[in-house]
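# Chain and residue survey
So the chains spell out like this:
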Amino acid sequence: MPTCRRKRVLLTEPSPALLDALKHDPNREVFYLEETGEIFENYDAYTARMSFYRMKHFQCEVTGKSGLDYFQALESERHEARTMHSRFPDQLKAAVLKAVQWQVMGRLDHLVEAVYDRFKDRYYPNEKVYVDIQGEKYLASVVLVRPPAPAQSPAPVASSSTSSSPLSDVPTAIHKVAEDLKISVKDSIVMDDPAKYVYQVQVLEEEKQPGYAKNHEKNKGKETSRGQWSGSLIDVQSPLMSRDRLAFSKSILRRFIRDCVDRDAAVASPWTVKPAIAARYGVSNVMPEEIRIGVETLKKGEIDKRKKVWEDKEGPAAKKRRQMMEEKGALVLNTSVNKNRRRRRKLSQLPSQSNVSERNLKLKDENDLAAEKKKKKPVRYPTEDLDVVLNDKDKRAGMKLKRPVPSKAAMPFGEDQETNAAFLMTWNFLVVYGQPLHMSPFTMDDFEGALRHSVIEPQCQLLAEIHATLIYNLRTVPFNRHSAIMSLVQYKEERGDEEELGVTIDQLTGAMADVGNNWERAPLRHAEGREGWEESMVGCLKDHANLENFPRLREILTRLLFAPDSPEEPTGSTAPTPHTSPSPLRLTTPTAPGQLYHKLPPKDRVAIISFMVSLAVSSKAIHQHMEWCEEQLTALRKEKIEVNRTRKQYLEEMAAIQGEAKDEPKANGNVDEDVTMHESSDLSDIPVSDGESAPRTSTRRSAAKERKAARAKASSIKQAQAEHRRLDEEVNKLDRRLEGIEREFRKLLGCIRVKPLGRDRFYNRVWWFDGMGAASLIGSGGTVQYGTGRIFIQGASEFDAEILHRREENIEERRRIEEGPEGMLGANEWAVYNDLEEVQEFVAWLNPKGVRELALKNAFTKWWNHIGPGIRRRAADLNAHAKIPEARRSSRKSAAAELLREPYMQWVNRKAVNGS
């Protein structure tokens, strides 16, 4: 089910009037939304719902891809579900679903862990598995499963594939214990050890083995031993068997379970298999009586537990105070009402008094009651941000009234909001997925400089690597051959063949016919500078693009394939320049794309890369990397729990040591004085009589014992201090590890779902893109690294903007006061803070009394040790590479040499694969 703001979108139920019309007026006309099956009474409700579905704020729940409309997200989920169900072993589906039915677990991850631990070493008939034979992996099919021998029988019991099926009810059915998750893993192994099962497997023919074609070409003409096992029947046990990770892993198991089960929102509700799926795989939908009783008991216990936690949180004093306030309010109200009643009785006893006074008193009673009911409760912070208004106390405390103005002009493409959004999206994708794309990270300034590179020589290596790696990636994405040409021909038939930039559609399709036809096999080698990537890019656009998914296709292909009659070559350096498009020319001379790409405007280059990136998201390499990131995130969460548990234990030990150190001086406060006194008496040389010798000897012995005790005490104190220092060092190590886990968590989470730092009171989104995916916040030796080195502000989404407009107060007037007319951003508009002082002022402007701004301020506090140094580092780099016009004019070096010193020209792809 697609999500919106991390909540599932529920379909609209028919209104009671429609349900009533179904009985009494079945021919009544209604508005039907075919894609969702929803029915509406009137056109306004239909269009409002359709407009909601068309908004680009939905997210695919399976892949995490955002920025989709509802129907795109739904199609993405269906596509992923089909892929997942085709990969997941059919033999496991019924057993897994029976295991999860009626399970009560808070998190889906815990359920996945439990199921995975049960079935990872258990195999079923007809399942495809890998078998380790003499150190090599072979793909085989399970023919027969022999369960472990019963205790009274020494011989193994042979089991046919039918009797060994997980759906079978005969006594020899296999792995039945695994389907009961109420039995612990250890007990299930004792009762039914998977390592004792014997599996008869048949090795598949050599042609069906994975990687056969590649190995066949590699070993052509050589004798190999792999073919000798083809078709062989072998008895093996689970330690020598394994499944394909694309068929069975925690990630795909989680997706399978999430797609097949559901759960009510009530406390302690069990996971239940969806009825249609349960009927298909023979899973009972009737809850057993003992499970129902257990679930109800668990629900009651959970509700009582939450109630007790709430009561403990309030405390007895708070409850008593609340009761006293309620009683006092009721007493005051009753006193006022009784007083007015007595006054009315007196007035009624006076014959000359008119009824006007009595009516006034009744009206006053009603007003008193209404005023008491409307009496406002004290506001608890944090609360809704727009309900927070600065008072005089806040202003005296230094709270900022007006937000610093973010700059729209400082965005990479100025006021061109569409290109800015595409530019940010493409840079983020290329950096975040640097590992599967085999690309080293680069800064946003380098990316902007490369897009503005406008000379043939020297070539920009960054541009070549970006296009080449996307072309390699799109070779694995399905495409329709010559889709661009067919789209242009269809456009000509519908609207005629009008010229664009002096080129007709017939001329354009003719020029496209012989360019890039071999793009999916062209060897764009890194060692050769990705030679020929421009032609391959045109070929990729020919097969992947059309006028529907790439509206600017015709204009861009025309600029890539046709040159003006008298071209003017640029003569200067190509550092970032004002965003201007070349004056319109008639492009009439067919030319190779490699000779024209450098003349393409930066806006068109962003459009090409953005289109290729939108296709690459669905490639196999990206999906596998996302699944790997999910597994790593699960491992990091577990490690974080263990580190926090160990840290807490160390802190408790440190507190115990400090407590003992404070208690000992109180208990033995006079020991040192006694010891000193006895030591001084030991030095006395005054002769004593025999009668006094015995007491003196006992005194000396007691003094020696006390000295010994003092030395032991001093030794224990030193040991305690040493232990305290050791524990303190361990806690510091764990704190550093927690910081590292947070950085790793940000990197991995950025590959699955890019989220803003937070939102301000007006729902403007605050973005910080550094430290995600392949990019790192800390380099070798602890040096500061940055990707953007700035903070981006994006205007509220259409959904949030609608929430703002629904408020009763004048939001626009408040925004003009607190943001300023020049600082007000429209829906999805972009602006940026480049200076550290501006960011600090913005953080100071945030009011922690609001829920959104409190979360945003906490996020800034959490990452400030990386945000601030990154902004300073970028400012230093820009100053170091800034050009002085006078010095540039007096320099005798060539423009090419100056260009090579630009940072984006010095970038090297250290992750490139030599073969690609």
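Residues numbered from 1 in each chain as written. Predicted model: local features only at pLDDT ≥ 70, side-chain atom pairs only at ≥ 80, totals over all residues. Heavy atoms only, no water.

### Topic: the overall build of the protein chain
- If you tally the helices and strands in the protein chain, you get 31 helices and 18 strands.
- Buried residues in the protein chain amount to 39% of all 916 residues.
- A sequence separation of at least 24 residues applies to 74% of the contacts in the protein chain between residues at least 6 apart.
- Surface exposure of the protein chain reaches about 52,000 Å², of which carbon and sulfur atoms provide 52%. (Helix = DSSP H or I, 4+ residues; strand = E, 2+ residues; numbered from the N terminus. Buried < 20%, exposed > 50% of the residue type's maximum accessible area, 1.4 Å probe, protein only. Contact = heavy atoms within 4.5 Å. Areas by Shrake-Rupley, 256 points an atom, 1.4 Å probe, with all protein chains shown as cover.)

### Focus: unusual backbone geometry
- Pro382 follows Tyr381 through a cis peptide bond whose omega is 0°.
- By secondary structure assignment, the location of Pro382 is in the loop between α11 (355-373) and α12 (392-396).
- Of the consecutive residues Glu457 and Pro458, the connecting peptide bond is found in the cis state with omega at -5°.
- Tracing the chain through its elements places Pro458 in the loop between α15 (444-451) and α16 (461-474).
- If you check the backbone angles, Trp102 has positive phi at about 70° while not being a glycine.
- Note that Trp102 resides in the loop between α4 (90-100) and α5 (108-119).

### Details of the packing of aromatic side chains
- Applying the stated criterion to the full structure yields 31 aromatic pairs.
- Note on Phe423 and Phe447: the rings are 5.2 Å apart at their centroids and 15° apart in plane angle, and the pair reads as stacked. On the criterion of sequence distance, the pair formed by Phe423 in helix α13 (residues 417-432) and Phe447 in helix α15 is long-range, its members being 24 residues apart.
- For Phe447, a relative accessible area of 1% translates into the label buried.
- Between Arg403 and the ring centre of Trp845, over which it is positioned, the NZ or CZ distance is 5.9 Å.
- Sitting over the ring of Tyr763, Arg852 keeps its end group 3.9 Å from the ring centre. (Phe/Tyr/Trp six-rings, centres within 6.5 Å; stacked < 30°, edge-to-face > 60°. Lys NZ or Arg CZ within 6 Å of the ring centre and 35° of its normal.)

### Considering the environment of Val731
- Along the chain, Val731 falls in helix α25 (residues 690-752).
- Linking Val731 and Asn644, residues 87 residues apart in sequence, is a C-alpha distance of 9.8 Å.
- Beyond its immediate chain neighbours, meaning those up to four positions away, Val731 contacts Arg647, Tyr650, Leu651 and Met654.

### Digging into the pattern of salt bridges
- Following the criterion strictly, the structure yields 59 salt bridges and no others.
- In this structure, the salt-bridge partner of Asp385 is Arg852, at a minimum N-O distance of 3.7 Å. Remark: Arg852 occurs in helix α29 (residues 851-880) and Asp385 occurs in the loop between α11 and α12; sequence separation between them is 467 residues. Of the two residues, Asp385 and Arg852, both sit in the buried class.
- Members of the salt-bridge network, linked through shared partners, are Asp387, Arg761, Arg807, Glu809, Arg814, Glu818 and Glu853. (Salt bridge = Lys/Arg side-chain N within 4 Å of Asp/Glu carboxyl O.)

### Quick notes on the side chain of Gln794
- Mapped onto the elements, Gln794 comes out in strand β17 (residues 791-794).
- Here Trp767 takes part through its side chain, which lies 2.9 Å from a polar atom of the side chain of Gln794.
- Excluding residues that lie within four positions of it along the chain, Gln794 makes contacts with Asn764, Arg765, Trp767, Leu825, Asn828, Glu829 and Trp830. (Polar contact = N/O pair within 3.5 Å; in protein donor to acceptor, adjacent residues only side chain to side chain.)

### Notes on a nonpolar patch on the surface
- Among the surface-exposed residues, Val30, Tyr32 and Ile39 lie close enough to one another that they form a single nonpolar patch of about 260 Å² accessible area.
- Here Val30 shows up in the loop between α1 (16-24) and β3 (31-33).
- Exposure remark for Val30: the relative accessible area of 37% places this residue in the partly exposed category. (Patch = residues over 30% accessible without salt bridge, like charges linked within 9 Å, V, L, I, M, F, W, Y side chains within 5 Å.)

### What to know about α16
- Helix length check: α16 (14 residues) gives 20 Å between terminal C-alpha atoms against 20 Å at 1.5 Å per residue, within 8%.
- When you tally the buried positions in α16, you get 12 out of 14 residues, the bulk of the element. (Expected span 1.5 Å × (residues − 1).)

### Things to note about the confidence of the model for the protein chain
- Per-residue pLDDT for the protein chain averages 81, and the proportion of residues at 70 or more is 80%.
- Here residues 670-689 is a poorly scored stretch, pLDDT under 50, and it has 11 contacts once near neighbours within four places are set aside; other chains count.
- Here residues 886-892 is a poorly scored stretch, pLDDT under 50, and it has three contacts once near neighbours within four places are set aside; other chains count. (pLDDT = per-residue confidence, 0-100.)

### Here's the deal with helix α26 (residues 798-806)
- Where α26 is concerned, the buried positions are Asp800, Ala801 and Leu804. For α26, the angular spread of buried residues about the axis comes to 100°, placing them on one side. In α26, the exposed residues that point more than 90 degrees away from the buried face are His805 and Arg806. (Arc of directions from axis to C-beta.)

### Observations regarding the environment of Val908
- Mapped onto the elements, Val908 comes out in the segment after α31 (895-900).
- Along the chain, Val908 and Pro441 lie 467 residues apart, while their C-alpha atoms are 9.6 Å from each other.

### Some words on the packing of α4 against α5
- Contact geometry for α4 and α5: axes closest at 11 Å, N-to-C directions at 130°. Classified by the angle between their axes, α4 and α5 sit oblique to one another. Considering the relative orientation of α4 and α5, their crossing is right-handed. Contacts from Leu92, Ala95, Val96, Ala99 and Val100 in α4 reach Leu111, Val115 and Phe119 in α5. (Axes fitted to C-alpha atoms, helices over the stretch in contact; angles between N-to-C directions. Parallel < 35°, antiparallel > 145°, perpendicular 65-115°, else oblique. Left-handed = near helix turned anticlockwise from the far one by under 90°.)

### Observations concerning the packing of α16 against helix α22 (residues 602-616)
- Relative to each other, α16 and α22 sit at 30°, their axes nearing to 10 Å. At the point where α16 passes α22, the crossing takes the left-handed sense. Every residue of α22 that contacts α16 at Leu463, Ile466, His467, Leu470, Ile471, Asn473 and Leu474 is listed here: Arg605, Ile609, Met612, Val613, Leu615 and Ala616.
- Residue composition of the contact of α16 with α22, grouped by class: 10 nonpolar, two polar and one charged. (Nonpolar A, V, L, I, M, F, W, Y, C, P; charged D, E, K, R; others polar.)

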